[in-house]
Each structure stands twice: as C-alpha cells, then as structure tokens.
Amino acid sequence: MLATRDGIRGLPRALAALLVALGVGTASPAHAQSGPIKIGLLPPVTGPLATPGRDMVDGFKLFWEQAGYKAGGRTVEIVVADTTCNPDQALTQARRVVHQEKVQFMVGPLCGHEGPAVAQVSKETGVPLVMDAAGADVITKWDRTPTVVRTAVSASQIGHPWGDYLYRELGLRNVTFIGQDYTWGHEVTLGAVRTYTELGGKVAKIIWNPIGTRDYGPTIAAIPKDTDGVSAVVVGVDRVRLFEAWFNFGMDKKLKIFGGYWLHQDVLPQMDDRAIGLIGNSLHYAAGLETPENRAFTDAFARKHKRLPSWFAESAYTAALWTKTAIDSINGTVEDRAAFLRAMRTVRVNAPRGPVRMDEYDNPIQNVYISRIQKIKHPLLGDVLTNVPFKTYEAVSQFWKWTPAEFLKRGPYKR
Amino acid sequence: MPRAGRIALALTALTAAVLLPQVAGPFWTGLVTQMYIFGLLALSVDLLLGHAGLFSLCHASFFAMAAYTTAILQVRYAVPTALAAPAGVLAGTLLALVLGLAVRTRGVYFILITIAFGYVVWGVAHRWSSFTGGDNGVTNVPFPAVGAWRVESHTEYYYLVLAVVLLCALGYRILVASPFGLALRGIKASETRMRSLGFACGLHLYAAFVVSGALASLAGVLYVYYNRFVNPVAASFPVSVEAALMAIIGGTGTIVGPFIGSWIMLGLRNWVSSFFALYASVMGLVFIAVVLWAPDGLVGLAGRLRARAQKAGAG
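What comes next is a walk through the structure. (Residues numbered from 1 in each chain as written. Chains lettered and ligands numbered in written order. Predicted model: local features only at pLDDT ≥ 70, side-chain atom pairs only at ≥ 80, totals over all residues.)

Topic: the pairing of strand S7 (residues 174–180) of chain A
Residue and element names in this part refer to chain A.
Here is step 1: Of all the 7 residues making up S7, 6 are buried; the element is thus mostly covered by neighbouring parts of the structure.
Here is step 2: Note: S7 against strand S8 (residues 202–209), 7 bridges, orientation parallel. Its bridge partner lying in S8, Gln-180 is registered against Asn-209.
Here is step 3: Summarising the sheet, S7 and strand S9 (residues 229–233) pair through 5 bridges and their orientation is parallel. Bridging from a neighbouring strand, Gly-179 pairs with Val-233 of S9. (Buried ≥ 20, exposed ≤ 12 C-beta atoms within 10 Å, placed from the backbone. Helix = DSSP H or I, 4+ residues; strand = E, 2+ residues; numbered from the N terminus. Pairing = 2+ DSSP bridges.)

Quick look at the interface of chain A and chain B
Here is step 1: With 25 residues of chain A at the interface, the matching set in chain B holds 24 residues.
Here is step 2: Only helix H3 (87–99) and helix H4 (115–125) of chain A provide two or more residues apiece to the side of chain A that touches chain B.
Here is step 3: The element best represented in the side of chain A that touches chain B is H3(A), accounting for 8 residues.
Here is step 4: Class assignment of the residues belonging to the side of chain A that touches chain B gives a composition of 9 nonpolar, 10 polar and 6 charged. (Contact = placed C-beta atoms within 7 Å. Nonpolar A, V, L, I, M, F, W, Y, C, P; charged D, E, K, R; others polar.)

Considerations on the environment of A:Trp162
Here is step 1: Topologically, A:Trp162 is positioned in helix H5 (residues 155–168).
Here is step 2: Sequence separation of A:Trp162 and A:Val368 is 206 residues, and the distance between their C-alpha atoms is 9.0 Å.

Considering helix H7 (residues 154–177) of chain B
All names here are of chain B.
Here is step 1: A rise of 1.5 Å per residue sets the reference length of H7, with its 24 residues, at 34 Å; its end C-alpha atoms lie 34 Å apart and thus fit the reference within 8%.
Here is step 2: By the burial criterion, the buried members of H7 are Tyr-157, Tyr-158, Val-161, Val-165, Cys-168 and Tyr-172.
Here is step 3: Buried positions along H7 lie against helix H1 (3–23), helix H2 (26–52) and helix H10 (201–227). (Expected span 1.5 Å × (residues − 1).)

Thoughts on helix H8 (residues 238–248) of chain A
Residues and elements named next belong to chain A.
Here is step 1: Considered for burial, the residues of H8 that qualify are Asp-238, Arg-239, Leu-242, Phe-243 and Trp-246. Relative to the axis of H8, the buried residues are bounded by an arc of 140° and lie together on one face.
Here is step 2: Those residues of H8 hidden inside the fold are in contact with S7, S8, helix H7 (217–221), S9 and strand S10 (257–261).
Here is step 3: A positive backbone phi angle near 65° is found at Gly-250, which sits one or two residues after H8. (Arc of directions from axis to C-beta.)

Keep in mind these numbers describe shape, not what the thing actually does.
Right, here's the structure in full:
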C-alpha cells in the first residue's frame, strides 16, 4: 500500500525529470559546436540506380577515411539514407536526416528527379544541400534555392562542348542523335544539338528512347542512310543494349558512333575489346586522366574496391573534398549556415577531375574531357578498359559561351 | 469486442493521434502524415476491391491528376487554395468519370484495362513536359491558405490531414453501411443474382468507381500540399500497386485495414531501409506471410485470434 502511494507520489517527479531530459535534449544543439559534424548522404542504395549509388557511397567514404573523418578540427560522422531513386522516399529520408539525425548539411541525391524533392527540404528547413550527381539544369538556373550549391555537373554543361566537338573536330555535318528520353537525356542531347547546329551542322534525326528500352534494333534501323555520324546519350542498362545491338547489326562496319554520354567506367566491365577505340564520353571526369590528383584517387579507390571509379565515385569524392575545404576555411563552424555556404561558394579545389570553382549560379566551372576507350595496364587491376581523355575543354561554364542572361531567357531544353 | 471496449480503443487511438506531434519529432509527424494520406488512397482502392470486388490498378492516375491540377494552379497561376484544392479533386473525379468505362469489363480484363489507363496518364505526365514539367515536375507548392487562415508548419498540416481523414472515414462508413454499400457487396458475392433481383449492376459499379476516384483525388491534393512538389512518379504504376497492397495487408473491406497497411508499408520502407539495405525483401516477406497466414489482412487475423480466445474462454 505504502509502495503504491510512493509510486504515485514519485510520478510527478519522474515526469518532471523526463521533461528536463527532453528539454536538455532539444537544447543540446547550442553545445554542438564542439561535437561531431554530421553529414547526411542521400544515395540510391537500392533500386534501378543502385550501382552508381554504391560508387557514390564508396567515393564519399574513401575521402573521409583518407581525411581521418576530421574537418575544421572536429570529427565527421556520415549518415547514409537510402533514397531508392524515388522522389517521395528521397523527401522523407531528407526530412529524416534533418530532423532525426540533426545533420548539419546534406550531400546528394543522385537521381535527377530526386533533386527538386531534396532541394525542397533544404528550402523549408534551411539546412544546406550540396547537390551531388543529380544534374537537372533548373536547379542552378531557373529554380535556384539559396541553400543549395552543386558540386557535380549541370546536364547541358557536358552537352555543349560535345556539339562543338562533333562539328569542329570530327567534322560531321549531318549527325543522328540517339538520346535517352527523360530530363537528363534531353538536356545533354539538346545542349549538344544547339552548339552543333549554331555552328552550321545539320541534324539528320533525333531518336529518343525511354529508359530501359529492350531492343535497340528499331533505333538502329531508323538511322537515316545519308547521316555521317551518330551521337549517343544513353544511361543505365541501355548503354550495354545499344553497344550490343550496334555490333550485332554490323553497324561498326558501316557508320561511326560517338558517345557523348555512353561508355562510363561502371559499365565497361560488361563490355569487351570491341569498345577499344570508341569515343566514350564528353564528361567532366574520365578515370584515365593523367594528373597527380587523379592518380592518387584512382589508385586508392582501386586498392580498396578492386575496380576503377566511375564519375559518380569521383563526384562524391570531390563533394567530400569540397565540403572539407570549406569547413576547414571556417574552422569547423558549420552551424553558421551562411558562413558554410559562402565558403562552399568561394573556395577553390583541385579535385581528381581537375580545378573546380563555383560560378555565380552555384554550379562548378570545370574542364570537360572528350575521352576514348582504351585498354590500359593498371598496376593493381591488370588489363582494364577505361576512358582516356584526349581533348580538354578547359573551364567550361554551365552557360557555355552565352551570357547567363541570354541562356536564362531562352528557357530549359525540352524536346 | 464489446461496444465499450471498441469505443475505448477508438478514443485511445484518437488521443494518441492528437498527441503525436507534441511527443514525436517533426520526422515522425511528417511520416505519419504521409501514412494517413496513403492510407486514404488505399481506402479509396478498397471501396472497389473490398466492397465491389474490382481490382483497380489505376488509382495513382486520379491521385496524380488531382495533385498536378492543384500544384499547377497554385504555382503557375497563383490560384488560392480555396479554389485550387477543390479544382484538384474535381479534375481527378472527372478523370474517374472517363476511366469509369472500365467497369464494362470484369476480372482480369478490368485489371488489364486499368493498368493501361494508368500508363496513359503516367505517359502524359512524363512526356508533356512543357505543361507538367516532365521529370522535374512542379515544385514550390506553398502550404494551403484559405483567407486569413494559413497552415504554417508540418505540425499544423498534420492536424488538417488528420481531420480530413477522420471525416472521410466517417463518410466512408456511412456509405458502405448504406443500401448502396450493401448492393456493392451483393454484386461482389454474385452479380447474376443481383441482376436477377433487378439491380442495375453496371451503374452501381460505375458510381462506386467515381466515388473511389474522388477519394483518391482528395488524397492526391493532401499529398501535394504535404510534399510541396509533384512529379510523374506520383502517377506511376508502383503507386497504384502499393495502394492495393496496403489494403490487402491491412485487410480489405474494412476501414482501419488500409490505414494499418499504409503504416506497415511506409514504416518498413522508411525505417527498415535506414539500417537494412534489403528492405524490399522484408516487404516481400511480409506480403507473402499475409497472403499465406492472414488472407483477410491483419484486421481479419486479429478478428480470428479474438474469436479463438473467446472460444477458449467459453470452453
């Protein structure tokens, strides 16, 4: 009897203690300055783009392992949240890492259509977003968010030099463009079409294929006879299907095909020596780049993961390098979001892909490399196919040669 | 369960729902809001599945049609919520009036034709990018605001959704208990008999389809104000399938069932995926387990266990 009454009497005190505990819990961010810096990484660990997602996680973690999980004198913790390449899930997971995990900033997502969803969370919570890999043009052009900066690439940024290259260097005048039918594919393809046609090139045909097209026979059959070259912008499993179809139909003996965005590092293990000599990509990164920064990066990546990094891995690695440089420059005070974003916008980084810096619209100015597939003797991996760059467009802006005002007035690339 | 017990349970659940945002953080509040919204979508699917015996796989279409209409009106034409939200429900319902033609078919043909309808709507959302924004969708949807009253936070929005969902559940209860609801269940049990009794079966099913579409549209409007953006994924086939699975897991032909299903599906996806990469397999196993051991869903399972306990008590 006594015990019961004590129990009831004790209850308010227990509740008060609980409330105090909760209060302390919510007040703790004030002391967080000395605690670890938490970064929310938002890759698609599962789903259709799980392979690039794995590269993203591996590249990001590789950097922080090398840096001893330290930045600005504080330890760094990484919270990985699986977006599954679904915008609803990306939104919920972004809210989770912000509200539950209390991250200081987010890095990601990878899938283009998740970009606006995660940017929305950054907008409503003020937590900075370092956009990695998702390439939708609008994010750094027509639909900008003050708390979002991009460290990877804007889709049409790699398309513009590609169109220039087709006309000037390859001397093509009647090109057929094969493009993947979704936002990224439209923006890369139509970016190339614009620079190519402005120089005077003629478009023989543009053939759009939805992601996951099973049969590339009809596409190949639809290529006009009088075309003098084919440009390919394909993603995911379509990259292998186009490759196989091209050789199975004997097209390699009739026509030239050039990859604007095609033979990436992550898909090369599924191809064979027929790929050697093909132009694989016009991209801001190529694993075969011969610079000390890239050598160090690819060797470390190959040692740890027994493969060469794709641009997704390099992109996440550089996002990590970029954020560490920014955090170091403000002595670890990432809680000051304005200072952190300012640092992200002003620091210059020597990344594996080359020198990078932010333009006034929060997108990197960087080199774009045209690369050819070659078989190299890698000291750790033996004979491997890789993208070896042979032509560099230096310091390419997302606006190419146009002024931002001209570009913005014209509106997004749409098929 | 005795009436008093049932009322006590309902009151407890209601209290928990009301207190949740005060106790849980914004993430859980947001997730539970999402659970209510998808629960409502599952409930709309279940009006056809559980009561009329029609397996629809195009409910994402009404959901997305409403979401897109509201989003485009709010963002591009600055139409106030008081008009944009009803317009969204109306647009979704109009689409249901058209797609309702599917009730001319039964069984597997109905499933196939609804799948086809669903793909058409998804295709339009995806490909008509000058209007729908393509993959990027429509972003920057504001919180709802009617006159001087406006939602300022996710917590406030939670209460709005809770209120709407409760009202819908109440209306749904009245609907399924009405002669119309009885007629639907009659058609599910034996359409030929109902016809011989003089019921206009086609008309009943068509009406049920439209009401169900309207409910899915309402869920779509709630969804777009929660997400603050919409893209073609909202119209995609997996959304339709998941809504049906939610109803099946929770228990078809009940009101709480679809909500329980949505809790389980979204809970697993968001919580399990944070520490277990193969969460999709976990969801698969849950579904297999339900189909094997609880074909009436979790609500049906609970009923069976209770009946057994009572029998044991009596014996």
